[in-house]
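# Residue-level structural notes
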Amino acid sequence: MTLISCSNIGISFGATELLKDITFTVAEGERWGIIGRNGAGKTSIFGVITGDRQPTTGSVARKPGMRHALLDQHRAFEGATTVWEAGAAAWREVIALEQRIAEQAMQLGELGDKVTDAMLEQFGRDQERFADLGGYIYHSRVDAVLQGLGFDAEESKTRLVSTLSGGERGRVGLAAQLIAPADLLMLDEPTNHLDLETIAWLQDWLKECDETVLVVSHDRAFLDAICTNILHIEAKSCESYKGNYSQFVPQRAERRLTRERELEKQRAYVKKEEEYIRRNIAGVNSFQAKGKRKRLERLPRLAPPPGDPAAMSLEFKVAERGGDQVIDIKDLRVEVPGRVLVEDFTAVLRRNDFVALVGPNGAGKSSFIASIMGDLPPAGGQARIGSSITPAYFRQDLGDLPLNLSMYDAIQAQRPLWSRGAVQNHLGAFGFSGEEVFREIRTLSGGERARMAMALMTLSGANLLVLDEPTNHLDVENIEVLEDALEEYEGTVLIVSHDRAFLREVATRVWWFDGPNLKDFDGPFADWEEVVERKRRAAN
């Protein structure tokens, strides 16, 4: 049965057209991945579906009574004191009814023989409504989701919302969305800031849940695991595909190839007819030539396959080869107040190693990198970067960007001898053109700042790249460009990322957290995944 049907949706902001001719139909039980470039309008489609945004053209048909769950971007958790209450926010009516039933039961017990038939009837009606609203299942649902997203279910009943970090608030917001009674789950980048184990849990939950799912994501492994359909937003319009992300890729290529062949065939036909008309319009075959000209004028012309602006052009050049021992780590101990993050880790990062640093959120990945880079003094041992090694550091918070400078000035500060044209060409390779290059960096979006950080890194000539969540703000096309650039890179890379498809492409070695013990797996990320999965199955 159809849950949502969007027909010829168009969205404009004044004279600026964002989307046009958006048409697709979602059936109950399907799981759709919505993909496209940053700024393409994916989140705006959510607004149209929920009714929060009215389309400029077209219409949306929804199944009568359809309930949707959409993440509260402000994460205020109004009325909730504890984490458990915040997760169960959508069940407030049921919780209030549960309390009322408990009070009624106590009152009935106290009244004894004085209980009236009206009281018993009201008690029965409330119990029936409680059951109909899911009162006997919501407790276990709240516990299961909070536990799956990394919270202790029992501790959550007393832990205050006010104590949560930004990342934890995001996970509680996601929990509330998954827990809410809904026909349609609408998830916007749900894997951002989740660790690998939590992403795996979320995949399993979504595959087993009864709800229909719409998810905006750039995580290709996640889209592969859960999607039954893909909606691709491109050149202001959209096309729908059956299957997951890996199945979408060849389908899209085949469609583009078919359209290109049809276009070439039509162009050849038009050229042939125009040549006939030119040669015969004034001759003995003038009548036939004029007929052909009229038919050509009425011929619907095929358009080239749609395309978005090109992804960034990225190349990391190594100025000097550097030594074979890039980082020498001996008995390294990393601590924060009250907690040991890394205990007595010894390893050597070798030239051309591409190491993935993985572990649960809060394990200490960023602190470990900070210790290696000299930003956090080790509590014991040492991490020594080779004297011939030049590192470049992509920070998760992009905190190194000179926010008070324009993009143009930031590049020129690194290359003072470059001409204006050279600076603009460099920024153009990262998707910044025209007068846009004079925008202050503080005004850029998350994705734009990530591209700007890459633009600066490529000027460093570094033979060691330290990348802390480099894909968080990039769309799929730019992630694939980053993969290609790293495959061509002749230096050494240490990466923190939760993007499994990205790590499968680039990581040749894995350092992974097992409590405070950091372990070294000398093999590709995909092989490490298999080992971990075998251990998990054996433990179960």
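Parameters at a glance
Residues numbered from 1 in each chain as written. Predicted model: local features only at pLDDT ≥ 70, side-chain atom pairs only at ≥ 80, totals over all residues. Heavy atoms only, no water. Axes fitted to C-alpha atoms, helices over the stretch in contact; angles between N-to-C directions. Helix = DSSP H or I, 4+ residues; strand = E, 2+ residues; numbered from the N terminus. Parallel < 35°, antiparallel > 145°, perpendicular 65-115°, else oblique. Left-handed = near helix turned anticlockwise from the far one by under 90°. Contact = heavy atoms within 4.5 Å. Nonpolar A, V, L, I, M, F, W, Y, C, P; charged D, E, K, R; others polar. Phe/Tyr/Trp six-rings, centres within 6.5 Å; stacked < 30°, edge-to-face > 60°. Buried < 20%, exposed > 50% of the residue type's maximum accessible area, 1.4 Å probe, protein only. Lys NZ or Arg CZ within 6 Å of the ring centre and 35° of its normal. Patch = residues over 30% accessible without salt bridge, like charges linked within 9 Å, V, L, I, M, F, W, Y side chains within 5 Å. Areas by Shrake-Rupley, 256 points an atom, 1.4 Å probe, with all protein chains shown as cover. Salt bridge = Lys/Arg side-chain N within 4 Å of Asp/Glu carboxyl O. Lys, Arg positive; Asp, Glu negative; His and termini not counted. Charge placed at Lys NZ, Arg CZ, Asp CG, Glu CD. Pairing = 2+ DSSP bridges.

## Structural notes on the packing of helix 13 (residues 407-414) against helix 14 (residues 420-428)
- Following both chains from N to C, one finds helix 13 and helix 14 inclined at 110°, their axes separated by 10 Å at the closest point. One element, helix 13, and the other, helix 14, form an angle in the roughly perpendicular class. Remark: the crossing between helix 13 and helix 14 carries right-handed chirality. On helix 14, the residues that touch Met407, Tyr408, Ile411 and Gln412 of helix 13 are Arg420, Val423, Gln424, His426 and Leu427.
- Its residues placed into classes, the contact of helix 13 with helix 14 shows 5 nonpolar, 3 polar and 1 charged.

## Here we look at the packing of aromatic side chains
- Counted by the stated rule, this structure contains 14 aromatic pairs.
- Taking the centre distance of 5.0 Å and the plane angle of 85° together, the rings of phenylalanine 130 and tyrosine 136 count as edge-to-face.
- In this structure phenylalanine 130 comes out as buried when scored by relative accessible area, which is 5%.
- Consider the rings of tryptophan 512 and tryptophan 528, whose centres lie 6.1 Å apart with planes at 55°: the pair is tilted. Here tryptophan 512, found in strand 17 (residues 509-514), pairs with tryptophan 528, found in helix 18 (residues 525-539); they are 16 residues apart in sequence, far enough to count as distant. Assigned by exposure class, tryptophan 512 and tryptophan 528 land together as buried.
- An aromatic cluster of at least three residues, connected via ring pairs, comprises Trp84, Trp91 and Tyr138.
- Here the guanidinium or amino end of arginine 171 rests over the ring plane of phenylalanine 151, the centre of that ring lying 4.7 Å away.
- Geometry around tyrosine 241 places arginine 255 over its ring, the cationic atom sitting 3.9 Å from the centre.

## Here we look at unusual backbone geometry
- Of note in the backbone geometry, aspartate 344 takes a positive phi value of approximately 50° without being a glycine.
- Aspartate 344 sits in the partly exposed class, given a relative accessible area of 49%.
- In this structure, leucine 398 takes a positive phi of about 55° despite not being glycine.
- Mapped onto the elements, leucine 398 comes out in the loop between strand 14 (391-394) and helix 13.
- Residue class for leucine 398 comes out buried when judged on its relative accessible area of 11%.

## Thoughts on a positive patch on the surface
- Together, Lys290, Arg293, Lys294, Arg295 and Arg298 make up a region of like positive charge exposed at the surface.
- In this structure, arginine 293 sits in helix 11 (residues 286-298).
- Judged by its relative accessible area of 39%, arginine 293 falls in the partly exposed class.

## Considering the sheet that holds strand 3 (residues 31-36)
- Taken in spatial order, the 6 strands make up an open sheet running 5-6-7-3-8-9, and their pairing is mixed. Either end of the sheet is taken by a strand with one partner, and the two such strands are strand 5 (68-70) and strand 9 (237-242). Each adjacent strand pair in this sheet contributes to an overall mean axis angle of 15°, direction not counted.
- Relative to strand 6 (residues 184-188), strand 5 is paired through 3 bridges, and the arrangement is parallel. Bridging across to strand 6, alanine 69 finds its partner in leucine 185.

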